[in-house]
Amino acid sequence: MPVIEGKEIRASVPAKVILFGEHFVVYGKRALAAAINRRLAVQVSSRGKRGYHIKIEDIPTFGLELDLEAGNDEKRKVRPYKDYGTAVKALAYVRSSIEYLEERYGIGNEGVEIEIKSEIPLSAGLGSSAATCVATIAALKEYFGVKGDVEGIRSDAHNVEKIVQGAASPIDTAISTYGGYVLVERNEVKRLRLDELNLIVGCVGSIPLSMDSTKASELGLKTKTIVEGVKNRRAIFTSIFDSVFDAADELTAQAIKAIEENDLVNVGALMNINHGLLDAIGVVPRRLSELVKMAQDLGALGAKVTGAGGLDEMGGVGSVLVLPGESGDRIKAAMAIADALVMDVKTGGEGLRIETDF
Ligand code: PMV
């Protein structure tokens, strides 16, 4: 496909939080997710020679600091990625997106520069993988003039996520593409119009130094491992788990109503109950549990794990979501002291944005 010389495309997409119903959605129950005002951008431009050159920068990731052994001057530089393993994982999504587009649409290989800038921490349950796929696919399709609509980009990105991870629910790629709010029910994606919420996200990201490097690199498979754990426990306690899943389904429905009515007290109370249900199915590690309890003690209207949760043996890496009420500053200070990466976020942000003139 011919590409106009000097052409530059930038595609940016939002991160996401799951407000209600994570894990239960895997069993067909309702889940509500929202875009947040943290974005990832992929810029595509032409390169002097054949092949793809990929550069990832600014990812606010954390954990293992890698200082490469001095070999020559080039290598002596400290790498900008603190958590090198997950940065490599991000590259896997870019590479698979390219391979998928080459195979499906026959995009060329004239020489492309791909630059990724992200405000989304990796492996934190904030949708960085889906964001990488959606933005890379959107930018490359636009660059190579592949015809299609936003729905096509969403479905291509979902296919790539499934190729890389083995399995993925449609929730993350839908939110990255559309922004706003998305309800997933029996694997169907519905877009909802709801008002903005002001929330705090706390990410536990530091991988303990005692963790060996194989375990650290397994973090890329964290969601898969946790989802499998739930499946195994459900196989033993099926009827109990099914009751919990039904309660979670009803909870998401009531939460949507509470958001529509701007009843933040009930939204918070339902977040607390949702957290309890996640604890019951075994996806809340000690460090995330402590952050939630701390936020609740300090006066949050509600607090819960968001996304897949975590595992103690994987360092408790994951994120919590807090509806702060009047206590935001105290909660943020306490979370920072507990070594969490703290972010103020607003829900319901813009979805995929493609710029050709910037
Ligand atoms: O990958 P995360 O942390 O955003 O969690 C995914 C949400 C799950 O419900 C646990 C899994 C899924 O595919 O929906």
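This text follows the structure it describes.
Right, let's walk through the structure included here. If you're wondering where the values come from, they're calculated on a predicted model, not measured in any experiment.

### Points about the environment of Ile54
Move 1: Among the structural elements, Ile54 can be located in strand E3 (residues 52–57).
Move 2: Sequence separation of Ile54 and Ile116 is 62 residues, and the distance between their C-alpha atoms is 7.8 Å.
Move 3: Ignoring any residue separated from it by four or fewer positions in sequence, one finds Ile54 in contact with Leu91, Val94, Ile98 and Ile114.

### Quick notes on unusual backbone geometry
Move 1: Unlike most non-glycine residues, His23 shows phi in positive territory, near 70 degrees.
Move 2: Looking at His23, the relative accessible area reads 6%, which means it is buried.

### Some points on the sheet that holds strand E10 (residues 341–346)
Move 1: As summarised here, the arrangement of the four strands in space is E8-E9-E7-E10, forming an open sheet in which the pairing is antiparallel. Two strands close off the open sheet at either side, each with one partner strand: strand E8 (302–306) and E10. The average undirected angle you get between the axes of adjacent strands in this sheet is 25 degrees.
Move 2: Bridge count for strand E7 (residues 198–204) against strand E9 (residues 318–323) is five bridges, and the pairing is antiparallel. Counterpart to Val204 in the pairing with E9 is Gly318.
Move 3: Strand contacts of helix H8 (residues 264–280): E8 and E9, with the helix running at about 40 degrees to E8, the strand carrying the most contacts.
Move 4: Across the sheet, helix H10 (residues 328–337) is in contact with E7, E9 and E10; its angle to E7 comes to roughly 10 degrees.

### As for the packing of aromatic side chains
Geometrically, a pair of aromatic rings is defined through the distance of the ring centres and the angle of the planes.
Move 1: On inspection of all chains with the given rule, the structure shows four aromatic pairs.
Move 2: The interplanar angle of 75 degrees and the centroid separation of 6.0 Å between the aromatic rings of Phe241 and Phe245 together place this pair among those described as edge-to-face. Here Phe241 and its partner Phe245 are both found in helix H7 (residues 238–260), four residues apart, which amounts to about one turn of the helix.
Move 3: Of the aromatic side chains, those joined through ring pairs into one cluster are Phe24, Tyr27, Phe241 and Phe245.

Calculation criteria
Residues numbered from 1 in each chain as written. Predicted model: local features only at pLDDT ≥ 70, side-chain atom pairs only at ≥ 80, totals over all residues. Heavy atoms only, no water. Helix = DSSP H or I, 4+ residues; strand = E, 2+ residues; numbered from the N terminus. Contact = heavy atoms within 4.5 Å. Buried < 20%, exposed > 50% of the residue type's maximum accessible area, 1.4 Å probe, protein only. Pairing = 2+ DSSP bridges. Axes fitted to C-alpha atoms, helices over the stretch in contact; angles between N-to-C directions. Phe/Tyr/Trp six-rings, centres within 6.5 Å; stacked < 30°, edge-to-face > 60°.

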